[in-house]
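An overview of the molecular structure
Here is what each chain is made of, one letter per residue.
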Amino acid sequence: MLTSILGFSGFGLLVRFWQLGIQKRNLFHYLPAHASYMVGFGIVGYWAEVWEVRSNELIAQKREAIRRMREEQTRGAVLRDEE
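Here we summarise the structure given alongside this text. (Residues numbered from 1 in each chain as written. Predicted model: local features only at pLDDT ≥ 70, side-chain atom pairs only at ≥ 80, totals over all residues. Heavy atoms only, no water.)

1. Quick notes on the packing of aromatic side chains
Counted by the stated rule, this structure contains three aromatic pairs. Considering the side-chain rings of Phe-17 and Phe-28, the 5.8 Å spacing of their centres and the 80° angle between planes classify their relative orientation as edge-to-face. Pair noted here: Phe-17 is in helix α1 (residues 2-22) and Phe-28 is in the loop between α1 and α2 (31-82), with a separation of eleven residues, a long-range link. The exposure class assigned to Phe-17 is partly exposed, which follows from its relative accessible area of 24%. A residue is classified by how much of its surface remains accessible, and Phe-28, at 55% relative accessible area, is exposed. Ring plane angle 15° and centroid distance 6.1 Å describe the contact between Trp-47 and Trp-51, whose orientation is recorded as stacked. (Phe/Tyr/Trp six-rings, centres within 6.5 Å; stacked < 30°, edge-to-face > 60°. Helix = DSSP H or I, 4+ residues; strand = E, 2+ residues; numbered from the N terminus. Buried < 20%, exposed > 50% of the residue type's maximum accessible area, 1.4 Å probe, protein only.)

Here it is as structure tokens:
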């Protein structure tokens, strides 16, 4: 999780530097804005990590439900064949 937050924070800093570069301003013009970009993108990184973990859990639950359903269907087909 820390790598996602730090990675997105670093990306936020790069975005801020890019913005200042486009405007042809000093890269260290207003340092609190750098921090706000890093915090904002860090929050996005945290959200992305939590979303990934949650979606993986939901996918695992769905796969298990599908596996059970298929197992029940094969059991029902075997029972019908025996009759």
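Read on, since the account is not over.
2. Concerning the pattern of salt bridges
Within this structure, the stated rule accounts for four salt bridges. Here Glu-57 and Arg-54 are joined by a salt bridge, their closest N and O atoms 3.4 Å apart. Of this pair, Glu-57 and Arg-54 both sit in helix α2, three residues apart, which is roughly one turn of that helix. Ionic pairing is found between Glu-64 and Arg-67, a salt bridge with its closest N-O pair at 2.4 Å. With Glu-64 and Arg-67 both in helix α2 and three residues apart, the pair spans about one turn of that helix. (Salt bridge = Lys/Arg side-chain N within 4 Å of Asp/Glu carboxyl O.)

3. Thoughts on a nonpolar patch on the surface
Where nonpolar side chains cluster on the molecular surface, the patch consists of Met-1, Tyr-46 and Val-50 and spans about 280 Å² of accessible area. By the element assignment, Val-50 lies in helix α2. (Patch = residues over 30% accessible without salt bridge, like charges linked within 9 Å, V, L, I, M, F, W, Y side chains within 5 Å. Areas by Shrake-Rupley, 256 points an atom, 1.4 Å probe, with all protein chains shown as cover.)

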